[in-house]
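The chain contents come next:
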Amino acid sequence: MTIDTAAVNRQVRLASRPVGLPTRGNWSIVDAPMPEPAPGGVLVKTLMLSLDPAMRGWMNEGRSYIEPVGIGEVMRAGGVGRVVASNTPAFAVGDHVSGGLGVQQYCAFDEAGIRNAGLVKIDPSLAPPEKWLNALGMPGMTAYFGLLDVGQPKAGETVVVSGAAGAVGQTVGQVAKIKGCRVVGIAGGADKCDFVVRELGFDACIDYKAGSVREGLKQHCPKGVDVYFDNVGGDILDTVLTRINRKARIVICGAISQYNNTTPVKGPSNYLSLLVNRARMEGIVVFDYAARYPEAVRDIAGWMKEGRFKSREDVVEGIDTFPETLLKLFEGSNFGKLVLKV
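Remember, predicted model here, so these are calculated numbers, not experimental data.

Caption draft 1: Up close: the overall build of the chain. On a plain count of helices and strands, the chain comes out with ten helices and 15 strands. For the chain, the C-alpha radius of gyration of 20 Å lies close to 20 Å, the compact-globule estimate for 342 residues. Counting only C-alpha atoms, the chain reaches 65 × 45 × 35 Å along its principal axes. With an accessible surface of roughly 15,000 Å², the chain has 51% of that area assigned to carbon and sulfur atoms. The averaged location of the 35 negative side-chain charges in the chain is 7 Å from the averaged location of its 38 positive side-chain charges.

Caption draft 2: A look at helix 5 (residues 190–199). Of all the positions in helix 5, only Lys 192, Cys 193, Phe 195 and Val 196 are classed as buried. Taken around the axis of helix 5, the buried residues stretch over an arc of 155°, which confines them to a single face. The exposed set on the far side of helix 5, more than 90 degrees from its buried face, consists of Asp 191 and Arg 198. For helix 5, the elements touching its buried residues are helix 4 (167–178), strand 9 (182–187) and strand 10 (204–207).

Caption draft 3: Focus on the packing of helix 3 (residues 138–151) against helix 4. Two elements in contact, helix 3 and helix 4, have axes whose closest approach is 8 Å; the angle formed by their N-to-C orientations is 45°. In this view, helix 3 runs oblique relative to helix 4, as classed from their interaxial angle. For the pair helix 3 and helix 4, the sense of crossing is right-handed. When helix 3 is examined against helix 4, the residues Pro 139, Gly 140, Thr 142, Ala 143, Leu 147 and Leu 148 are found in contact with a partner set consisting of Ala 167, Val 168, Thr 171, Val 172, Val 175 and Ala 176. Counted by class, the contact of helix 3 with helix 4 contains nine nonpolar, three polar and no charged residues.

Caption draft 4: Representation of the state of the cysteines within the structure. Applying the stated criterion across every chain yields a total of zero disulfides. Cys 205 carries a free sulfur, and the closest cysteine sulfur to it, the one in Cys 193, is 3.2 Å from it. No disulfide involves Cys 253; its sulfur sits 17 Å from the nearest other cysteine sulfur, which is in Cys 205.

Caption draft 5: Seen up close, the packing of aromatic side chains. In this structure the tally under the stated criterion is five aromatic pairs. Judged by centre distance (4.9 Å) and plane angle (75°), the ring pair of Tyr 144 and Phe 145 falls under edge-to-face. For the pair Tyr 144 and Phe 145, one class covers both residues: buried. Ring geometry for Phe 145 versus Tyr 289: centroids 4.9 Å apart, planes at 10°, classification stacked. Here Phe 145, found in helix 3, pairs with Tyr 289, found in the loop between strand 13 (280–283) and helix 9 (293–305); they are 144 residues apart in sequence, far enough to count as distant. Tyr 289 shares its class with Phe 145; the two are buried. One aromatic cluster is present, formed by Tyr 144, Phe 145, Tyr 289 and Trp 303 through successive ring pairs. The ring of Trp 58 has Arg 76 lying over it, and the distance from NZ or CZ to the ring centre is 5.2 Å. Arg 312 extends its terminal NZ or CZ atom over the ring of Phe 195, reaching a point 5.3 Å from the ring centre.

Caption draft 6: The environment of Thr 142, seen in detail. If you trace the backbone, Thr 142 turns up in helix 3. Along the primary structure Thr 142 and Val 168 are separated by 26 residues, whereas in three dimensions their C-alpha atoms are 6.8 Å apart. Excluding its chain neighbours within four sequence positions, the residues that come into contact with Thr 142 are Leu 147, Val 168, Phe 229, Cys 253, Ile 284 and Val 286.

Caption draft 7: Broad picture of the pairing of strand 4 (residues 78–86). Counting buried positions along strand 4 gives seven out of nine residues, so the element sits mostly inside the fold. The sheet contact formed by strand 4 and strand 5 (residues 96–100) spans five bridges and is antiparallel. Pairing of Gly 78 across the sheet is with Gly 100, part of strand 5.

Caption draft 8: Structural context of a nonpolar patch on the surface. Taken together, the side chains of Tyr 271, Leu 272, Leu 275 and Val 276 make up a nonpolar region of the molecular surface, amounting to roughly 440 Å² of accessible area. By secondary structure assignment, the location of Val 276 is in helix 8 (residues 272–276). Looking at Val 276, the relative accessible area reads 53%, which means it is exposed.

Cut-off values and rules
Throughout, residues of each chain are indexed from 1 in the direction in which the sequence is written. Where local features are concerned, this predicted model is filtered to residues with pLDDT of at least 70; where side-chain atom pairs are given and counted, the filter is 80 or more; whole-chain, interface and lining totals use all residues. Heavy atoms from the whole structure form the basis of all side-chain values; hydrogens and water molecules are not counted. What counts as a helix is a DSSP run of H or I of at least four residues, what counts as a strand is a run of E of at least two, and both are numbered from the N terminus. This radius of gyration counts C-alpha atoms alone. The globule rule is 2.2 Å times how many residues there are, raised to the power 0.38. Where accessible areas are quoted, they stem from the Shrake-Rupley method and a 1.4 Å probe; at the residue level, only the protein chains shown are allowed to cover. When charges are counted, Lys and Arg contribute as positive and Asp and Glu as negative, whereas His and the chain ends are disregarded. By convention, the point assigned to a charge is CZ for Arg, NZ for Lys, CD for Glu and CG for Asp. Any residue under 20% of the maximum accessible area for its type is buried, any over 50% is exposed, and the rest in between are partly exposed; the area is computed with a 1.4 Å probe on protein chains only. Note that the arc is defined by the directions from the helix axis to the C-beta atoms. A contact between two residues is defined here by any heavy atoms of the two lying within 4.5 Å. Angles run from 0 to 180 degrees between N-to-C directions of axes, and those axes are lines fitted to C-alpha atoms, restricted for helices to the stretch in contact. Between 65 and 115 degrees an angle is taken as roughly perpendicular, under 35 as roughly parallel, over 145 as roughly antiparallel, and anywhere else as oblique. Note: crossing handedness is left-handed where the near helix turns anticlockwise from the far helix by less than a right angle, and right-handed where it turns clockwise. All amino acids are sorted into three groups, where Ala, Val, Leu, Ile, Met, Phe, Trp, Tyr, Cys and Pro are nonpolar, Asp, Glu, Lys and Arg are charged, and the leftover types, Gly among them, are polar. The criterion for a disulfide is a pair of cysteine sulfur atoms lying within 2.5 Å. Side-chain rings of Phe, Tyr and Trp (the six-membered ring for Trp) are treated as a pair once their centres are within 6.5 Å; stacked means planes under 30 degrees apart, edge-to-face means over 60, and tilted covers the remaining angles. The rule for a charge over a ring is simple: NZ of Lys or CZ of Arg within 6 Å of the ring centre, and within 35 degrees of the ring normal. When DSSP finds two or more bridges between a pair of strands, those strands are recorded as paired. Each patch is built from residues lacking any salt bridge and having more than 30% relative accessible area; the joining distance is 9 Å for like charges and 5 Å for nonpolar side chains (Val, Leu, Ile, Met, Phe, Trp, Tyr). One side-chain nitrogen of Lys or Arg within 4 Å of one carboxyl oxygen of Asp or Glu is enough to make a salt bridge.

Written out as structure tokens, the structure reads:
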């Protein structure tokens, strides 16, 4: 393909670090020159981007599991795209790929950039692009390895997952059911709770907006909680800790209730329950499992083909809508995996 060097590359860059919720003022939307692939590299046209709660942490300065996005840099984001120019036999023009593309219309990689972005070919005949950003992408990988490797559920155990209708939560619950567990979700709103029970097959779902999570756990987890997969932190984590069984496993995936705090993060006041119950709490960072992603993709794609697994995406169109679309995550107004169609 001949690259149109007169064309531009629309990008969303971090203009300043937010205090509390991000605003449009924290971003600059610019038209950069069309990039060209280096020798041994590729040029990818972005099709869809994954919008994730972790993005809020990437905007902050300070030590974490990954470097923060720098001021003036393109916002980090995983995405799915199509190769439009290639200087490497590893990728052909027309190949569909996933990896760290950033919030921009085009992304050029050199050899090192391909590795650093985790750029890999995907099979669009296996599932449409949005599924590769959900169950077959980073959220699905997080759920699969967080539940099975960290949570280590056993058939007959009770698994509770918060953010149950979200990208990670919906996969956690379905995998736990496939493994023979009783699954109870926690979600906000009757529609989301109905979805995870009726569509995804959870045994029950507690609507934290409509009643007491504590009472819901007593009702739906009469034998206690063996595995808790935590996506929200805060008061819900504290409440679940009062219901855990001996040798319970708490998987710390995220804490969306705390990400926009302007005060220090609230830690669990009921942490002594871990001591009393000889339980453990362990974090999951999906990048640690990168070499094993094909294992999870194989299993989840297989369950999809068998009709045992579903995924739901909330797709919003337009790169210029990014600042407002990202906020849907923190408002809880997205229903399913939030995806930006570029």
